[in-house]
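# A structural walkthrough
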Amino acid sequence: MTVLLPPSETKREGGDTGSTLDLGGLSFPELSDERAAVITAARSVSSEESSARAALKLGPKSIAERFRNLALTTSPTLPAIERYTGVLYDPLDVPGASAAVRDWWSRHVVVQSAMFGPIGAGDLIPAYRLSHDARLGPLRLAAHWPGPSRAALRSRADGLVLDLRSEGYRALGPAEGAVTLRVVSVDGSGRRKALNHWNKTAKGRLVSLLARTDATVGSMDDLADWASQVGVVLERVDGGWDLVAESLQPAAA
C-alpha cells in the first residue's frame, strides 16, 4: 500500500544541524536532476524581495520565508513527516509517535513536494517555501513535475495507491489507478455534505490510525475491512468512496 499526501505550507523550523540536504539520499533518486533544477530556480527568484514576492506569493509578514530557499543546501534537515505541520499533519502527533509508527509511515507514505517532487515520509529535508502553482522564472512546476513524477510513482506502486492529495498536488504527480476518498459529514437525518477545510484533519487522523494499528492493506476491500474493525466509516457510494469524518474523532485513534 502507498498513501500519497500533499505537503503543507507551514513547516517546522530547525532540525539536525549535522545533516544537510542530500538529493541522492531522497526516495526516487532518479529525480535528482529535476530536484536540482527546481532548487536552482527557487534560489534565483528568492534572491530578490520583489521576485520572491511575486513567484512565492509572499506578503509583508511572510517575505522572510524567501531566505529558507537561499539556504536549502546548508539548512538542518528533518524527516518530511516531521517537517510539515498544519491541519493534516498535526493529527499524526509525530513527536509522540513510536519507532514502529514512524517505520510504517516510512514504508507506506509518499509526500508530493513542490520543491522535491515525490519524497518518502522519512526523507530528510530542510524547510522551504514553494507552492504547487509557483512559476520560477522560465520554470513552471505544472510543466516540470508531472512527467517525471508519474514515472517515479509508477515504479513505487505496489498494490493499493490511496491518493489523499489536494487537486493541485495530484496534478504535479499523476498516479495511475490511484483511489481517492471523499470526506463527508453526515447529519442526524443521514444527509451527506462534502467537507473542504476539515477534510484534511480527517485524512490526517486516518493516516495516524493506519500507522498506529500497523495496518496491512493491499486493496480497497482490505481497507474497508480494516475500517470496519477499528470503527471508521468508509463506504462505497456512487462508484467512489466516502470517508465519514465523524467516525475519525480523536477518541477513535
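The sections below set out a description of the structure shown in this document. (Residues numbered from 1 in each chain as written. Predicted model: local features only at pLDDT ≥ 70, side-chain atom pairs only at ≥ 80, totals over all residues. Heavy atoms only, no water.)

### Things to note about the pattern of salt bridges
In the structure shown here, the tally under the stated rule is 16 salt bridges. With a shortest N-O distance of 2.7 Å, Arg-53 and Glu-49 are connected by a salt bridge. Of this pair, Arg-53 and Glu-49 are both found in helix 2 (residues 49-56), 4 residues apart, which corresponds to roughly one turn of the helix. Residue Arg-53 is classed as partly exposed on the basis of its relative accessible area of 39%. Glu-49 gets classed as partly exposed once you look at its relative accessible area, which sits at 39%. For Arg-68, the salt bridge goes to Glu-65, with nearest N and O atoms at 3.8 Å. Each of Glu-9, Glu-13, Glu-65, Arg-68 and Arg-129 takes part in a single network of salt bridges with overlapping partners. (Salt bridge = Lys/Arg side-chain N within 4 Å of Asp/Glu carboxyl O. Helix = DSSP H or I, 4+ residues; strand = E, 2+ residues; numbered from the N terminus. Buried < 20%, exposed > 50% of the residue type's maximum accessible area, 1.4 Å probe, protein only.)

### Points about the packing of helix 5 (residues 99-108) against helix 9 (residues 199-212)
Packing of helix 5 against helix 9 leaves a shortest axis separation of 8 Å and a crossing angle of 115°. One finds that helix 5 runs roughly perpendicular with respect to helix 9. Here the hand of the crossing between helix 5 and helix 9 comes out right-handed. The residues of helix 9 that touch helix 5, namely those facing Val-101, Trp-104 and Trp-105, are Val-207, Ser-208, Leu-210, Ala-211 and Arg-212. For the contact of helix 5 with helix 9, the class distribution of residues is 6 nonpolar, 1 polar and 1 charged. (Axes fitted to C-alpha atoms, helices over the stretch in contact; angles between N-to-C directions. Parallel < 35°, antiparallel > 145°, perpendicular 65-115°, else oblique. Left-handed = near helix turned anticlockwise from the far one by under 90°. Contact = heavy atoms within 4.5 Å. Nonpolar A, V, L, I, M, F, W, Y, C, P; charged D, E, K, R; others polar.)

### Notes on the packing of aromatic side chains
Centre-to-centre distance and the angle between the planes together describe a pair of aromatic rings. Evaluated as defined, the whole model comprises 3 aromatic pairs. Look at Tyr-84 and Tyr-128: their rings are 6.4 Å apart centre to centre, the planes differ by 90°, and that puts the pair in the edge-to-face class. Highlighted residues: Tyr-84 in the loop between helix 4 (80-83) and helix 5 and Tyr-128 in the loop between strand 5 (124-125) and strand 6 (135-136), separated in sequence by 44 residues. Like Tyr-84, the residue Tyr-128 is buried in the burial classification. Judged by centre distance (5.5 Å) and plane angle (80°), the ring pair of Phe-116 and Tyr-128 falls under edge-to-face. A residue pair is termed long-range when its members are at least 10 positions apart, and Phe-116 in the loop between strand 3 (109-113) and strand 4 (117-120) and Tyr-128 in the loop between strand 5 and strand 6 qualify at 12 residues. In this structure Phe-116 comes out as buried when scored by relative accessible area, which is 0%. Looking at Tyr-128, the relative accessible area reads 1%, which means it is buried. The lysine or arginine in question, Lys-11, covers the ring of Tyr-128, its NZ or CZ lying 4.4 Å from the ring centre. (Phe/Tyr/Trp six-rings, centres within 6.5 Å; stacked < 30°, edge-to-face > 60°. Lys NZ or Arg CZ within 6 Å of the ring centre and 35° of its normal.)

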